[in-house]
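Structural features, examined
Single-letter residue listing:
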Amino acid sequence: PRSTLFPYTTLFRSREIRMPLLQPFETSFGRTTERRILLVEVESEGVTGWGECTAGEHPSFSGECTDTAWLMLTNELIPAVLHSEIDSAGACPKAMSHVRGNRMAKAALENAVWDAESQQLGIPLWELLGGVRKKIPCGVSLGIQSSTEKLMEIIEQELAAGYQRIKLKCKPGHDVLMFEAVRTRWPDIVLSCDANGSYRLKDQELLRSFDVFNMLMIEQPLWHNDFYFHSLLQRQLETSICLDESIRNRRDALAAIEMESCRIINIKLGRVGGFSEAIRVHNVTAERGIPAWCGGMLETGIGRSHNIALSSLQNFILPGDVSASARYWEEDIIEPAVEVSRKGEISVPQVAGRGFEVKRERVEKLTVRSERLHARNKAHAEPTGAIKARA
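Keep in mind that this is a model prediction, so the values were computed, not measured. (Residues numbered from 1 in each chain as written. Predicted model: local features only at pLDDT ≥ 70, side-chain atom pairs only at ≥ 80, totals over all residues. Heavy atoms only, no water.)

1. Some points on helix α8 (residues 228-236)
Those residues of α8 that fall on the buried side of the exposure criterion are His230, Ser231, Leu233 and Gln234. Buried residues in α8, looked at end-on, bunch into an arc of 165°, giving them a common side. For α8, the elements touching its buried residues are α7 (204-208) and β9 (241-243). (Buried < 20%, exposed > 50% of the residue type's maximum accessible area, 1.4 Å probe, protein only. Helix = DSSP H or I, 4+ residues; strand = E, 2+ residues; numbered from the N terminus. Arc of directions from axis to C-beta. Contact = heavy atoms within 4.5 Å.)

2. Some details on the side chain of Gln220
Secondary-structure assignment places Gln220 in the loop between β8 (218-219) and α8. Given the relative accessible area of 0%, Gln220 is considered buried. Within the local environment of Gln220, its side chain forms a polar contact with the backbone oxygen of Trp223, the two atoms lying 2.9 Å apart. A distance of 2.9 Å separates the side chain of Gln220 from the side chain of Ser246, its partner in a polar contact. With residues up to four places along the chain from it excluded, the contact list for Gln220 reads Ala195, Asn196, Gly197, His230, Cys242, Leu243, Asp244, Glu245 and Ser246. (Polar contact = N/O pair within 3.5 Å; in protein donor to acceptor, adjacent residues only side chain to side chain.)

3. Details of the sheet that holds strand β7 (residues 191-194)
Spatial ordering of the open sheet is given by β5-β6-β7-β8-β9-β10-β11, a layout of seven strands whose pairing is parallel. The two strands at the open ends of the sheet, each matched to only one other strand, are β5 (140-142) and β11 (292-294). On the sheet, helix α6 (residues 176-185) packs against β6 (166-169) and β7 and is oriented at approximately 160° with respect to β6. (Pairing = 2+ DSSP bridges. Axes fitted to C-alpha atoms, helices over the stretch in contact; angles between N-to-C directions.)

4. Here's the deal with the packing of aromatic side chains
Within this structure, the stated rule accounts for six aromatic pairs. Ring geometry for Trp223 versus Phe229: centroids 5.4 Å apart, planes at 50°, classification tilted. Accessibility expressed as a relative area gives 31% for Phe229, which makes it partly exposed. Through pairs of rings, three or more aromatic residues link up here, namely Phe179, Tyr199, Phe210 and Phe213. Positioned above the aromatic ring of Trp293, the side-chain terminus of Arg165 is 5.1 Å from the ring centre. Its end group placed over the ring of Tyr163, Arg327 keeps NZ or CZ at 6.0 Å from the ring centre. (Phe/Tyr/Trp six-rings, centres within 6.5 Å; stacked < 30°, edge-to-face > 60°. Lys NZ or Arg CZ within 6 Å of the ring centre and 35° of its normal.)

The following block contains the structure:
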C-alpha cells in the first residue's frame, strides 16, 4: 500500500470560470442567468483530478459564495492538504478539519482528490466510492416560470425527453394554482416541489392543501436549519417531506430521521462537504430505510460527472436532479456531454476516473482567474501567484 497518495511533485490549481445558462433559473432565492464556478485541479503521478465548487454567486443557499470559497481554497484548504500525508482521498476531511464549515469549498478539493485516486488505481470513480448501479434514474428541476403556459411547454418537453420525475420550484403565491394546472393536464406523472425554505409553520394549512396533488415529496418547506418544526409539520401531512439544506452531515441525517422530520433525504455533494460525508449520509439513510436521491446545483459537466458517480450507490433509489448537459449549457466543458436516454436514465461510465474528458481549451477560454500551489515530496507548499486569464 502507498504511504501517500501524492509521493512526488503535486500541483493544485484553483480557477474561476464563467458560463451563461441557456435559460434563467429562478427559485425563491432569486434568478440566476450566469454561473461563476470554481474548479479545482490536482495533478500527480501523471493524472489530473477535477473538482467543482457548487457555491453560488451570493450566500443565499448556504453561507458560502464563489468569493469566500476562493479564499478558503487558496489560503487554507489546498495548503492544508499539501502539507498532509494523504494516503487516500478519504483522509482529506481530517486534513481540512481545522477549518469550520466551508463545506462546498472542501468538497471541490476532496472530490478532485477522489477523482485523481480512482485514475491512479485504474478504476471508475463510482467503483472507488462503492457504487453498484450501472444506470441511474433521472428527474428534472424546473425553475419558476413567467407564466403557466411557459411551464406547461417546458414540462411537455422534459416528459418527451424521458425524465422520470418533474420537480417544480415553488414559493408562497406561486404554488397551488401551478400544481392544479400541472395535475389537471398530467394526473399520473411523478411530481414533486421544492420550496427552498420559503414557507413558515403559519402556512401549515396551505401546505396541507398540497396533499391533494399526490406529490412524491415537498422539499425543504421550512427554515434551512430546522428539524423540530419540520417534524411538527410532517405529522400533519400525508405528503413526504424531503430535507435538503438542513442536512449537512451524517449527524444531521440521524437527527432528522430520529425526530421524524422527513421521510426522504436529498444528498448534495457540496452541501455535505464532499464524497466522504456524502457516503456516510447515504449509509445512514440505507440503514434506516429512508430513500435518498442526488440533488443538483447547476453544475458543469465536472460536477455532473461526480453526481453520476455518487448516484450509483445502492440507496439512491429515487430519480435525482442529474439531468443532461444540454438543459443548461450551450456547450459543456466535458466530452462527451452528459446525455439522458429516452427511458430517463444515465449510463454510469465504465472507464477509470470520472468517465468524461475535460475540454481544457474551453476551460482556459472561460477562465477569469487562476492560482497554482505545489509541493515536492510534501516538504512545502508555495503559491506561484494568480494568473489572470482575461479581464
